[in-house]
Amino acid sequence: MNCKKIGVCYGKTCGPAGAASIKKILEDTYSAQGIEVTERLCCGRCKNNNSIVIDEDVTISRLSPGTIKERFIDREDAAIAEAREEEKRIREELDRALDADLLS
């Protein structure tokens, strides 16, 4: 993977839902590659916990200690690309909603 840092959300929802286990799995997987795995404050995805933030650039959510390997580690590039597409779609929906509200 080409990233330098993975932030694991430790917010009020993600923390109790397995953040420490996810962080440990990521550390065990990526420490030899020099990728820093850190705790981070809430990233605002509480409804879709647990979340990780790659290089402060893209957020991947709906993870758990039991799914982190299949949903992220085994398919890093695809997971990042899907998260970018999801974020793009959300921004476009928000822009449309704001434009429609302003035109009303």
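The rules behind these values
Residues numbered from 1 in each chain as written. Predicted model: local features only at pLDDT ≥ 70, side-chain atom pairs only at ≥ 80, totals over all residues. Heavy atoms only, no water. Helix = DSSP H or I, 4+ residues; strand = E, 2+ residues; numbered from the N terminus. Buried < 20%, exposed > 50% of the residue type's maximum accessible area, 1.4 Å probe, protein only. Polar contact = N/O pair within 3.5 Å; in protein donor to acceptor, adjacent residues only side chain to side chain. Contact = heavy atoms within 4.5 Å.

## Remarks on the side chain of Ser61
- As for its placement among the helices and strands, Ser61 is situated in the loop between β4 (58–60) and α2 (68–71).
- A residue is classified by how much of its surface remains accessible, and Ser61, at 4% relative accessible area, is buried.
- Here the side chain of Ser61 touches Arg45 through a polar contact of 3.0 Å, side chain to side chain.
- A polar contact is formed between the side chain of Ser61 and the side chain of Ser51, at a distance of 2.7 Å.
- When near neighbours in sequence (up to four residues on either side) are disregarded, Ser61 contacts Arg45, Asn48, Asn50, Ser51 and Arg71.

## Remarks on unusual backbone geometry
- Across the junction of Asn49 and Asn50, the peptide omega takes the value -5°, indicating a cis bond.
- Its location among the elements puts Asn50 in the loop between β2 (36–40) and β3 (52–54).
- Of note, the phi angle at Asp55 is positive, near 50°, even though the residue is not glycine.
- Mapping Asp55 onto the fold places it in the loop between β3 and β4.
- Taking the relative accessible area as the measure of exposure, Asp55 reaches 34% and is therefore partly exposed.
- Of note in this structure, Arg62 is not a glycine but carries a positive phi near 60°.
- The partly exposed category is assigned to Arg62, whose relative accessible area is 36%.

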